[in-house]
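Inside the fold
The residues making up each chain are set out below.
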Amino acid sequence: MPQHEIRNSQFAIRNFRAPGRVNLIGEHTDYNDGFVMPAAIDLSTWVKISPLEQRKLQILSENFNEQIEIDLDDQSLARRGHWSDYPIGVAVMLERSGRRLHGARLQIRGEVPIGSGLSSSAAVEVATACALVANSGLTIDARDLALLCQKAENEFVGARVGIMDQFVSLFGQAQKALMLDCRSLEFELLPLPDNIRLIICNTMVKHELASGAYNERRAQCEAGVKHLAKFVANVTALRDVTLEQLEQFGSDLPEVVYRRCRHVITENARVLAAAKALEQGDLKEFGRLMAESHQSLRDDYEVSSEELDLMVELAQKLEGVYGARMTGGGFGGCTVNLVAVEHDEEFSKRVAESYEQVTKLKPEIFICSASNGAEEV
Ligand code: GLA
């Protein structure tokens, strides 16, 4: 199936898959019009869809073992704080964009761990969107579909997330990291060397309280922009500010806002440097940038947690590790580790043992490969 359109076909039951993601570097930069470098991973959400006569959706979640039904003409659909907000939000946004959906029965099965910073929500949104679009005989540009899924999460679910997760869930490619300019939505696929593995370590602490703190971070960045725009021309996002300009004009900012801005500005520079390091095959430098990113997220942006810090510290001591950092929104969830292939098993074993010893929590460890984006299967 071409990456850029989701087409209709004559089959009644169709299956779609959309992956979760791991972010290698560029955290909390997407909603600041900055740069990110995620990869789609081989953990996905599947949606099986079949048409219904009436304009209603029956949605079954295998994970929650629960089915809900909605009428597509119901104008009062709203967030309920329930798993179904994600697929319903996508349906509502498709309808609001002027597209008319056909009724359908959807069966959703997800293998991306929920609330772990691997974008289970984007995977559900994108798989649902692809399925609904196909079932309704529509065609949508994949960039527009990513934006529509983001809108569902922003306006229906109420989390003011950026575009990274939905974008990479659609555009990711096997063995590649995706470097995205979140302002222009231009991207580059950067080959990942064969001799490394992306190892994801789940601290098993869910980021349940995250959406309030996430939205708060966004507001702090906006406050920074508002202040800095008074002194620097053409500033509409932190993307437009250099570290020197922050140092020169940011002294009146509340200290917390100053640190939030510093994280975003330095993180953008790290993503660009990391892309260069990857192109030059300099994994040591890439790993050093990952370590800096973690520190900045911990100290300046304050979205790490004790468990994430511990997981990173334990990893950094092990052989074959180029880099380790928290990944995703933070406040719990997972770390991402760049590990030499020949050390992957040993790494997984040792990091899991040491983490469990200290925390009494048994971590999940995923030895992942960068994978393809959403597709019909
Ligand atoms: C969540 C959001 C993304 C991004 C990350 C932090 O995953 O969905 O848009 O902001 O947090 O980098």
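Anything mentioned here points back to the structure above.
Starting afresh in each chain, residues are numbered from 1 along the sequence in its written order. This being a predicted model, a pLDDT of at least 70 is required before a residue's local features are given, and a value of 80 or more before pairs of side-chain atoms are given or counted; all residues contribute to the totals for chains, interfaces and linings. Hydrogens are left out, water is left out, and the side-chain values use all remaining heavy atoms of the structure.

As a further point, take unusual backbone geometry. In terms of backbone geometry, most residues other than glycine have negative phi values and most peptide bonds are trans. The backbone of Q175 shows a phi angle near 65 degrees, a positive value even though the residue is not glycine. A run of H or I in DSSP counts as a helix once it spans at least four residues, and a run of E counts as a strand once it spans at least two, with each numbered from the N terminus. Mapped onto the fold, Q175 is located in the loop between helix 4 (164-171) and strand 6 (176-181). For F331, which is not a glycine, the phi torsion comes out positive at approximately 60 degrees.

What follows deals with the side chain of S304. By the element assignment, S304 lies in the loop between helix 8 (283-299) and helix 9 (306-316). Setting aside anything within four residues of it in sequence, one finds S304 in contact with H294, L297, R298, D309, M326 and F331. Two residues form a contact once any of their heavy atoms are found within 4.5 Å.

Here we come to the site of the ligand. Only a single heavy atom is needed: when it lies within 4 Å of a molecule or strand, its residue is near that molecule or strand. All residues in the neighbourhood of the ligand are listed as R21, E27, H28, D30, Y31, V161, G162, M164, D165, Y214, G328 and G329. For the ligand, an oxygen atom lies 2.7 Å from a polar atom in the backbone of H28. Relative to its free-state accessible area of 310 Å², the ligand is covered by the protein chains to the extent of 93%. Residue classes follow a fixed rule: Ala, Val, Leu, Ile, Met, Phe, Trp, Tyr, Cys and Pro count as nonpolar, while Asp, Glu, Lys and Arg count as charged, and any other residue, Gly among them, counts as polar. Along the lines of polarity and charge, the residues of the shell around the ligand split into four nonpolar, four polar and four charged. By the criterion applied in these results, polar contacts are pairs of N or O atoms within 3.5 Å in which, for protein atoms, one can donate a hydrogen and the other can accept it, and in which residues neighboring in sequence qualify only through two side-chain atoms. Residue-level accessible areas treat just the shown protein chains as cover; the underlying method is Shrake-Rupley with a 1.4 Å probe.

If you look at the biggest cluster of nonpolar residues, it comprises 51 residues, and the most contacted ones within it are L57, L132 and L170. Take this core: its biggest share by element is nine residues, from helix 2 (residues 120-135). In this structure, V22, L192, V271 and L289 belong to the second largest nonpolar core, which totals 33 residues. For our purposes a nonpolar core is just a set of buried Ala, Val, Leu, Ile, Met, Phe, Trp, Tyr and Cys residues, chained together by side-chain atoms within 4.5 Å. Each residue is assigned to one of three classes by its accessible area relative to the maximum for its type, calculated with a 1.4 Å probe on protein chains only: buried under 20%, partly exposed between the two thresholds, exposed over 50%.

We now examine the environment of Q248. You can see Q248 is positioned in helix 6 (residues 243-249). Assessed through its relative accessible area of 55%, Q248 is described here as exposed. The spacing of Q248 and F231 is 17 residues in sequence and 9.5 Å in space, taken between C-alpha atoms.

Take the packing of helix 7 (residues 255-279) against helix 8 next. To define axes, lines are fitted to C-alpha atoms, for helices over the stretch in contact only, and angles between the resulting N-to-C directions are given on a 0 to 180 degree scale. The contact between helix 7 and helix 8 brings their axes to 9 Å, and the two run at 170 degrees. If you check the angle between helix 7 and helix 8, you find them roughly antiparallel. Taken as a pair, helix 7 and helix 8 cross one another with a handedness that is left-handed. Here R259, H263, T266, E267, R270, A273, A274, A277 and L278 of helix 7 lie close against helix 8, whose contacting residues are L283, E285, F286, L289, E292, S293, S296, L297 and D299. Its residues assigned to classes, the contact of helix 7 with helix 8 comprises eight nonpolar, four polar and six charged. Working definition: roughly parallel below 35 degrees, roughly antiparallel above 145 degrees, roughly perpendicular at 65 to 115 degrees, and oblique for all remaining angles. By definition, turning the near helix anticlockwise from the far helix through less than a right angle yields a left-handed crossing, and turning it clockwise yields a right-handed one.

What follows is about the pairing of strand 5 (residues 104-110). In this scheme, strands are said to pair when DSSP sees at least two bridges between them. Relative to strand 5, strand 2 (residues 35-51) runs antiparallel, the two being bridged by seven bridges. Across the sheet, residue K48 finds its bridge partner in strand 5, namely Q107. Direction of pairing for strand 3 (residues 56-61) relative to strand 5: parallel, over a ladder of five bridges. Across the sheet, the residue bridging to L57 is A104, located in strand 5.

Before going further, it helps to examine the sheet that holds strand 10 (residues 334-340). The antiparallel open sheet is built from four strands, whose spatial order is 9-10-8-11. Edge positions in the sheet fall to strand 9 (321-326) and strand 11 (364-368), since each has one partner strand and no second. Within this sheet the neighbouring strands show an average axis-to-axis angle of 20 degrees, counted without direction. Summarising the sheet, strand 9 and strand 10 pair through five bridges and their orientation is antiparallel. By the bridge assignment, G323 is partnered in strand 10 with L338. Lying over the sheet, helix 9 contacts strand 8 (196-202), strand 9 and strand 10, oriented at roughly 180 degrees with respect to strand 9.

Let's shift gears to the packing of aromatic side chains. The geometry of two aromatic rings is summed up by the distance between their centres and the angle between their planes. Between rings of Phe, Tyr and Trp, where Trp is taken as its six-membered ring, a pair exists when centres lie within 6.5 Å; planes separated by under 30 degrees are stacked, by over 60 edge-to-face, and by other angles tilted. Enumeration over the complete set of coordinates arrives at six aromatic pairs. Between F171 and F187, the ring centres sit 5.1 Å apart and the planes meet at 55 degrees, which makes this aromatic pair tilted. With a gap of 16 residues between them, F171 in helix 4 and F187 in strand 7 (residues 187-191) connect regions that are remote in the sequence. You can call F187 partly exposed: its relative accessible area is 28%. Three or more aromatic residues link up through ring pairs in this structure, and these residues are F167, F171 and F187.

The subject of this paragraph is the packing of helix 1 (residues 85-96) against helix 3 (residues 142-157). Between helix 1 and helix 3, the shortest axis-to-axis distance is 8 Å and the interhelical angle comes to 110 degrees. In terms of orientation, helix 1 lies roughly perpendicular with respect to helix 3. The hand of the helix 1/helix 3 crossing is right-handed. Along its contact with helix 1, which presents D85, Y86, I88, G89, V90, V92, M93, L94 and R96, the element helix 3 presents L148, C149, K151, A152, E153, E155, F156 and V157. Class assignment for the residues of the contact of helix 1 with helix 3 results in eleven nonpolar, one polar and five charged.

Within the secondary structure, H82 is located in the loop between strand 4 (66-71) and helix 1. Reaching out from H82, the side chain makes a polar contact with the side chain of W83 at a distance of 3.5 Å. Reaching out from H82, the side chain makes a polar contact with the side chain of S84 at a distance of 2.7 Å. Beyond its immediate chain neighbours, meaning those up to four positions away, H82 contacts E66 and I68.

To continue, consider the environment of G81. By the secondary structure assignment, G81 is in the loop between strand 4 and helix 1. As a C-alpha pair, G81 and V157 span 76 residues in sequence and 7.6 Å in three-dimensional space.

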